[in-house]
Amino acid sequence: MTGTPDDTTSTNTFAPGGRRRHRKARVGRIGARRAIVLAMAVPVASATLAGTSAFAADGSTATAQGISVDGLDADDAQLVKNLNERVADERLGSDVSGVVLDADSDTPLWDHNGSTTLMPASNAKLATATTALTLLGANHEFTTKVVYGDGTLTLVGGGDRTLTGDDVAEMARTAVDGLKAAGLTSVKVRVDDSLFADPSLAKGWNEGYYPTEVTPVRSLVVDGAAVHDTSIDAGKVFAEKLAAQGITVDGDVSRATAKQSDVPVAQHKSAPLSEIVKQMLKTSDNNIAETLLRMSAVELGKPATFEGGAELVRQVLSSYGISLDNFEMHDGSGLSRADRIPAATLAQLLDAITESPALSSILEGLPVAGEAGASLGPEWGRFDDANSQCAVGKVHAKTGTLTGAVALSGVTRTEDGEWRIFSFIENNSSADPSDIKDAMDGLAATVNGCWA
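No experiment lies behind these values; they were computed from the predicted model shown.

Asker: How should I be thinking about the state of the cysteines in this particular structure?
Answerer: A disulfide bridge is the covalent bond that connects two cysteines by way of their sulfur atoms. Taken as a whole and judged by the stated rule, the model has 1 disulfide. In this model C390 forms its disulfide with C450; the gap between the sulfur atoms is 2.2 Å. In this structure, the disulfide formed by C390 and C450 twists by about 60° around the S-S bond and is classed as right-handed. One end of the pair, C390, is in the loop between α10 (360–365) and β11 (395–402); the other, C450, is in the segment after α11 (433–448), and 60 residues separate them in sequence. On the basis of relative accessible area, C390 is assigned to the partly exposed category, the value being 26%. By relative accessible area, which is 21% here, C450 ends up partly exposed.

Asker: Explain the nonpolar core to me, please; I cannot follow it from the model alone.
Answerer: Note that soluble globular proteins tend to have their nonpolar side chains buried in a common cluster. Ranked by size, the top nonpolar core spans 66 residues in total, and within it W205, L273, V277, L292 and I362 carry the most contacts. Among the elements that take part in this core, helix α9 (residues 343–354) stands out by supplying 8 residues, more than any other. Residues within four places of L273 in sequence aside, it is in contact with A132, L133, L136, G137, A138, N139, H140, F142 and L292. In this structure, L72, V100, V395 and A445 belong to the second largest nonpolar core, which totals 27 residues.

Asker: What am I meant to see in the packing of aromatic side chains here?
Answerer: The description of an aromatic ring pair uses the distance of the two centres, along with the angle that the planes make with each other. Counted under the stated rule, the structure contains 5 aromatic pairs. Measuring from centroid to centroid gives 6.3 Å for W205 and Y210, while their planes differ by 80°, and the two rings are edge-to-face. Considered together, W205 and Y210 belong to a single accessibility category, that of buried residues. Through pairs of rings, three or more aromatic residues link up here, namely W205, Y209, Y210 and F306. Note that R86 overlies the ring of W451, its terminal NZ or CZ placed 3.6 Å from the centroid. Here the basic side chain of R294 rests over the ring of F306, its NZ or CZ set 4.1 Å away from the ring centre.

Asker: Even after reading the chapter, I still don't get the packing of helix α3 (residues 125–136) against helix α8 (residues 306–319), so can you show me in this structure?
Answerer: Angle between the axes and distance between the axes: these two values describe a pair of packed helices. Their axes nearest at 9 Å, the elements α3 and α8 cross at an angle of 80°. In this view, α3 runs roughly perpendicular relative to α8, as classed from their interaxial angle. For the pair α3 and α8, the contacting residues are A127, T130, T131, T134 and L135 in the first and L312, V313, V316 and L317 in the second. Split by residue class, the contact of α3 with α8 holds 6 nonpolar, 3 polar and no charged.

Asker: Where do I start with the pairing of strand β7 (residues 186–192) in this structure?
Answerer: Note on strand geometry: in a regular strand, side chains alternate between the two faces of the sheet. Among the 7 residues that make up β7, 5 are buried, leaving the element largely enclosed by the rest of the structure. Of the strand pairs in this sheet, strand β6 (residues 152–156) and β7 are connected by 5 bridges, and their pairing is parallel. Paired with T152 across the two strands is K188, which belongs to β7. Assessed by its sense of winding, the connection that carries the chain from β6 through helix α4 (residues 165–181) to β7 is right-handed.

Asker: Just to check I follow, could you spell out the pattern of salt bridges for this structure?
Answerer: Think of it this way: side chains of opposite charge can pair up when their charged atoms draw near. This model, assessed by the stated rule, comprises 15 salt bridges. The salt bridge involving E85 is made with K81; its shortest N-O contact spans 2.8 Å. Of the two residues, E85 and K81 both sit in helix α2 (residues 74–86), 4 residues apart, roughly one turn of that helix. It is possible to trace a salt-bridge network through shared partners that takes in D193, R218, D229 and R255.

Asker: What is the right way to look at the sheet that holds β11 in this model?
Answerer: The strands that make up a sheet pair up through hydrogen bonds in the backbone, lying either parallel or antiparallel. One open sheet holds the 5 strands; their spatial order is β4-β3-β13-β12-β11, and the pairing between them is antiparallel. Every other strand in the sheet has two partners, leaving β4 (107–112) and β11 as the edge strands with one partner each. In this sheet, adjacent strand axes meet at a mean angle of 5° when their direction is disregarded. One ladder, built from 5 bridges, connects strand β3 (residues 95–102) with β4; its direction is antiparallel. Note on β4: the bridge partner recorded for G98 is H112.

Asker: Just checking my understanding: could you explain helix α7 (residues 286–299) for this structure?
Answerer: Within an α-helix, residues lying three or four positions from one another point in the same direction, as the helix has 3.6 residues per turn. Here α7 contains 14 residues, and its C-alpha end-to-end distance of 20 Å stays within 8% of the 20 Å for a straight helix at 1.5 Å per residue. α7 sits mainly inside the fold: 12 of its 14 residues count as buried. All of the buried residues along α7 are N286, N287, I288, A289, E290, T291, L292, L293, R294, M295, S296 and A297. Against the buried residues of α7 lie α3, α6 (273–283) and α8. If you check the start of α7, you find a side-chain oxygen 3.0 Å away from the backbone N of N287, and it comes from D285.

Basis of the calculations
- Residues numbered from 1 in each chain as written.
- Predicted model: local features only at pLDDT ≥ 70, side-chain atom pairs only at ≥ 80, totals over all residues.
- Heavy atoms only, no water.
- Disulfide = S-S within 2.5 Å.
- Helix = DSSP H or I, 4+ residues; strand = E, 2+ residues; numbered from the N terminus.
- Buried < 20%, exposed > 50% of the residue type's maximum accessible area, 1.4 Å probe, protein only.
- Core = buried A, V, L, I, M, F, W, Y, C linked by side-chain atoms within 4.5 Å.
- Contact = heavy atoms within 4.5 Å.
- Phe/Tyr/Trp six-rings, centres within 6.5 Å; stacked < 30°, edge-to-face > 60°.
- Lys NZ or Arg CZ within 6 Å of the ring centre and 35° of its normal.
- Axes fitted to C-alpha atoms, helices over the stretch in contact; angles between N-to-C directions.
- Parallel < 35°, antiparallel > 145°, perpendicular 65-115°, else oblique.
- Nonpolar A, V, L, I, M, F, W, Y, C, P; charged D, E, K, R; others polar.
- Pairing = 2+ DSSP bridges.
- Right-handed = clockwise from strand over helix to strand, strands pointing away.
- Salt bridge = Lys/Arg side-chain N within 4 Å of Asp/Glu carboxyl O.
- Expected span 1.5 Å × (residues − 1).
- Polar contact = N/O pair within 3.5 Å; in protein donor to acceptor, adjacent residues only side chain to side chain.

From the geometry alone we can't say anything about function, so treat these as descriptive.
This is the structure we're talking about:
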C-alpha cells in the first residue's frame, strides 16, 4: 500500500474527479500507519495529537470558536457572513453545528459549534471507509470459498457483501465439475460464517432495524438479501445452483465450520476494496459498512464485533492526528443513536483524506449533488430548490439521515478554483426532514459560493 511521503515536501494529492492539488503532506505512509495501529496494545482513550489541530475540540460546551474575519479576503468574509445568517434558518433548529476549511491552506474559515457532540448518522461511514482502506489496502479482495470433505460441500463466507447469484453459480459449476469427475452425484451443503462473531445489536440499535435498514451482520450473503439469516439463505442459493447442474442435495442446508482437512474446490474474489468503498458511500449502504468494520478487525486479529471494529476506528483516526475529543462510535454505518462525532472531527477527517492518495476512493465515492442513483440524487429531492440548484455537479458530500439527525460533509470547489472542506450536522429539528435537507443543501451551496 502506498500513501503520502512521511515528510513535509510538496506533493500532488488527489481531488475529486481525478484532479490534483498542490499542497504539503502532513501524514505518514499508509503502511507505517498500519504498523502504528498494530503496535497499539490498548484502545485509544482520548485524542493524543502530534501537534495542535486547527479543529481540536475545546471542550463539550456548544460554543463557536468565533474565528475572526480579520485577514480574510472579501470573498471569504462574505462567505462567513452568509453562513452566519443561513445557519440560523429555523428549519435547522437550534442543535446545529458546522465547520468550513480552506483545503489548500488548512485554514479554518468558519466554525459554528464545531466541537459539539451530535449524532452524525451515515457520516460515520467516512471513518469506517478510512479504517478499512488504511488497514486492508485499496486493492484488497474478499474471498468466498467452497471446500469439500466427507460428502459435504461447505460454502465459506469471507466478508464479501457484494457476492452475487451469478458468482455463486460459477462456483457451483466448478464444484460440480469436480464432483462428476470423481463420480459423485449427491452431496450435503453446509455454510461456514464463523469468520464473524454471532450477530448482535450494537449500542444504540434496536430490533426494528432488521432486516430493512440493516441485516444481522454475517460474513456470507448473496445478492444483498434482506433476510435475518443471510448465510443460510446463501447456502440455499448455492444448493439450488448445484441442483440445476444435476447434483442431488441431501437434507437441509445448515451451519458447520469447515475442517482443515477439507479440500478447496472453488472460490470467488470480490472487486477491489476501493470499488466496494465507492459503492458503500454512493448509496450509503449500511450492510457494506458493518461488514467492512468487521473485516478490518479480522485483518488485525481483533474480535469481529462492533466493539473490536470501533476500537480500530479510534486507533486509525488517532494515527492520522484526528481529534477524538467528544467522539463516540459504536457501529460502522452510523445507525447507532449513541454515535457522536463533532463536525470539527469530520472536517479534520476529510482534510486527512484529501491528503492521502491511498484514500482517494473515498473522494471518488462521495455522492455528487444531482447525481442520479446516489444519495444526493434528484430522486431524493436534493439540491433542487432555488438556492441550492446552482451547486449541482459542484458539491461532493456524504449524506447522513436518522430520525432526529441530518448531516452533510464533503468538499466543493469554488469558481476561483479553491477547494473547501465542510461538515454540517443538525439534531432534533422539528421541521420536515426534506425541509431540513433543503436548508443544509443551501449551506453547501453557500460554501461553494454559487449561492452568494
